[in-house]
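A structural walkthrough
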Amino acid sequence: MPPIDMTPDPGCASTNNATDPSEPFTLRHHTRPTYTEAQEEIISTVRSDERLESSVDDLNSEVETDCQSEEDQSCWFEFDKTESFGTSEKIKFDSDVTRREAHLMILNYYVRHHLTQGALVDLLRMLNVMAGYKFFPESFETFAANFPDRYESARVYYCVECQSGVGDSAPNENFICSIPNCGSKKIDFFMTIPIEQQLRETILKYEKEICDYEETVKVEAVSDISQGKIVKEISSTIPEKLITLSVNTDGAAAYRWSINKPCYPIFLTINNLPPRIRFDKNNLLLAAVWLSKGEPSIPLFFKNFCEEINQLGEGIAIGTDKYKVVVVQNCLDSVARPKLQNSTQFNGKFGCSLCLHEGKVVLGNQVRYPFRKAPSRNHTETRRHMIEAHTTGNPINGIKGLSVFLSVPHFDIVKGNI
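As the structure is a prediction and not an experimental result, all values here were calculated from the model.

1. Quick notes on helix H6 (residues 196-205)
Within the span of H6, buried status applies to Gln198, Leu199, Thr202 and Ile203. Projected down its long axis, H6 carries its buried residues within an arc of 125°, all on one side. On its buried face, H6 sits against helix H7 (207-220), strand E4 (241-249), strand E5 (264-270), strand E6 (285-290), strand E7 (316-318) and strand E8 (321-331).

2. Quick look at the environment of Pro409
Relative to the elements of secondary structure, Pro409 occurs in the segment after helix H12 (379-392). The exposure class of Pro409 is partly exposed, given its relative accessible area of 29%.

3. Quick look at the pairing of strand E3 (residues 187-192)
Judged by which residues are buried, E3 turns out to be one-sided: Asp188, Phe190 and Thr192 face inward and are buried, whereas Ile187, Phe189 and Met191, on the alternate face, are not. Bridging between strand E1 (residues 154-159) and E3 involves six bridges; their strand directions are antiparallel. Across the sheet, the residue bridging to Ala154 is Thr192, located in E3. When E3 meets E6, the two strands line up antiparallel, connected through two bridges.

4. Remarks on the sheet that holds E1
Pairing within the open sheet is mixed, and its eight strands lie in the order E2-E1-E3-E6-E5-E4-E8-E7. Lying at the two open borders of the sheet, with one neighbouring strand each, are strand E2 (165-167) and E7. Neighbour to neighbour, the strand axes of the sheet diverge by 30° on average, direction disregarded. Strand direction decides the pairing type here: E4 and E5, joined by five bridges, are antiparallel. Its bridge partner being in E5, Ser246 is matched across the sheet by Thr269. In the packing of helix H10 (residues 298-312) onto the sheet, contacts are made with E1, E2, E3, E4, E5, E6, E7 and E8, and the angle to E8 comes to roughly 145°.

5. A few points about the side chain of Glu138
By the secondary structure assignment, Glu138 is in the loop between helix H4 (117-131) and helix H5 (140-144). This buried residue, Glu138, is left without a salt bridge; Arg125 holds the nearest opposite charge, at 4.1 Å. In terms of polar contacts, Glu138 uses its side chain to reach the side chain of Asn128, at 2.8 Å.

6. Quick word on the environment of Thr249
Following the sequence through the fold, Thr249 ends up in strand E4. Spatially, the C-alpha atom of Thr249 lies 9.6 Å from that of Val289, the residues being 40 residues apart in sequence. Setting aside residues up to four positions removed in sequence, Thr249 forms contacts with Pro265, Ile266, Phe301, Phe302, Cys331 and Leu332. A polar atom in the side chain of Thr249 sits 2.8 Å from the backbone oxygen of Pro265.

7. What about the nonpolar core?
For soluble globular proteins, nonpolar side chains are generally found buried alongside one another. Counting 46 residues, the largest nonpolar core has Ile195, Ile243, Leu245, Leu268, Phe302, Phe305 and Phe405 as the members making the most contacts within it. Ignoring sequence-local partners within four residues, the contact set of Phe405 consists of Phe302, Phe305, Cys306, Val327, Asn330, Leu340, Phe411 and Ile413.

8. Side note on the packing of H6 against H7
At a minimum axis distance of 4 Å, the contact between H6 and H7 shows a crossing angle of 65°. In terms of axis orientation, H6 runs roughly perpendicular to H7. Seen from H6, the contacting residues are Ile203, Leu204 and Lys205; seen from H7, they are Glu207, Glu209 and Ile210. Among the residues making up the contact of H6 with H7, the classes are represented as three nonpolar, no polar and three charged.

9. Things to note about the pairing of E4
Among the nine residues that make up E4, seven are buried, leaving the element largely enclosed by the rest of the structure. Alignment of E4 against E8, held across eight bridges, turns out to be parallel. Among the inter-strand pairings, Thr244 is bridged to a residue of E8, identified as Val326.

10. Points about the side chain of Ser246
Among the secondary structure elements, Ser246 is positioned in strand E4. In this view, Ser246 contacts Ile225, Phe267, Leu268, Thr269, Asn271, Val328 and Gln329; residues no more than four positions away in its chain are not counted.

11. With respect to the confidence of the model for the protein
Mean pLDDT over the protein stands at 80; residues scoring 70 or higher make up 77%. Overall, residues 1-35 carries pLDDT values under 50, and its contacts beyond four positions in sequence, including any with other chains, amount to 65 contacts. The model gives residues 62-77 a pLDDT under 50, and that stretch makes 10 contacts with residues more than four places away or in other chains.

Calculation notes
- Residues numbered from 1 in each chain as written.
- Predicted model: local features only at pLDDT ≥ 70, side-chain atom pairs only at ≥ 80, totals over all residues.
- Heavy atoms only, no water.
- Buried < 20%, exposed > 50% of the residue type's maximum accessible area, 1.4 Å probe, protein only.
- Helix = DSSP H or I, 4+ residues; strand = E, 2+ residues; numbered from the N terminus.
- Arc of directions from axis to C-beta.
- Contact = heavy atoms within 4.5 Å.
- Pairing = 2+ DSSP bridges.
- Axes fitted to C-alpha atoms, helices over the stretch in contact; angles between N-to-C directions.
- Lys, Arg positive; Asp, Glu negative; His and termini not counted.
- Salt bridge = Lys/Arg side-chain N within 4 Å of Asp/Glu carboxyl O.
- Polar contact = N/O pair within 3.5 Å; in protein donor to acceptor, adjacent residues only side chain to side chain.
- Core = buried A, V, L, I, M, F, W, Y, C linked by side-chain atoms within 4.5 Å.
- Parallel < 35°, antiparallel > 145°, perpendicular 65-115°, else oblique.
- Nonpolar A, V, L, I, M, F, W, Y, C, P; charged D, E, K, R; others polar.
- pLDDT = per-residue confidence, 0-100.

Structure, rendered in structure tokens:
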């Protein structure tokens, strides 16, 4: 098979002013474009790739099958059946696709086929070669800027070594961690997504279902979290309508991720929704995502979320009503629970998050909990222990310091962690 001839036909002339970005996406490749260095590299690769030869016959057969006749409107490009794939016949594109629609199609292709950012950039450059000019952006950041984020998600940067927060803006190239005895130059980030807009959209979407379910709970005496002791105590002190949230976080192993790192999301469940739609994946709120190696620092990971909950606790207008938002429970496993409470893990002394059982050391260094009655922990006493441990630097009854949820209003630091 002869090499693919990319030289222009001297008799061809451009029939479309393709340089006007306001024009619809109508491309007619007739004249030789001025290629960038990257575009020349793509063309050179295509010319020298011997793997194309084995698929040329199949490709010509498929194209001829698709284009039964020149009048077939489903054929989106012109193909001369008298020419083989390797000749100098120019590809001609005629389409009514707008610039916006073209960007959306590329975005859909990027998401559906799990492309890396580098693969997307190569695709954009290839399309520019075919278009004959720089129609599409050739960097991922510029391409992504075409799709504004209505939820205002943001990056939070941190030091990889000590996991101390650096800020919302990317540090400069000469970054050195300022934490004593650290001095690391490595940084990474995780994503935070404000929940206010997500919450507003979900409540408005299911406004009727929420009202109907509240009536059903009252009339039929349905047992639900909204009828629990914690929610009733909070409701008795707040005159406004109440939105209660349940928080969940847990690690997920990397699977089909281009970055090959574990994923730790913060999911929120709106307890006002009826159970049949409450746990639907489309109705969960996403507050943050950790996509870095290693487990997240709980105080750093939850910091932005707790600050937003404090603001939403002051009140949020949804439609014609005003609500106050409170977190009533954290659904955690036995490993994440002590990290959020900043307490001893279950296999250490005072490792129970609900009582003050000290435990007994056996076999040298193992802690066991023989059956006996022990005083229960409560929010007031645990809060005092947290402040004292933070001040002195010494653990008190298994409490090692402050919890990031200690500042969340109406949240019970003992009963709220389940």
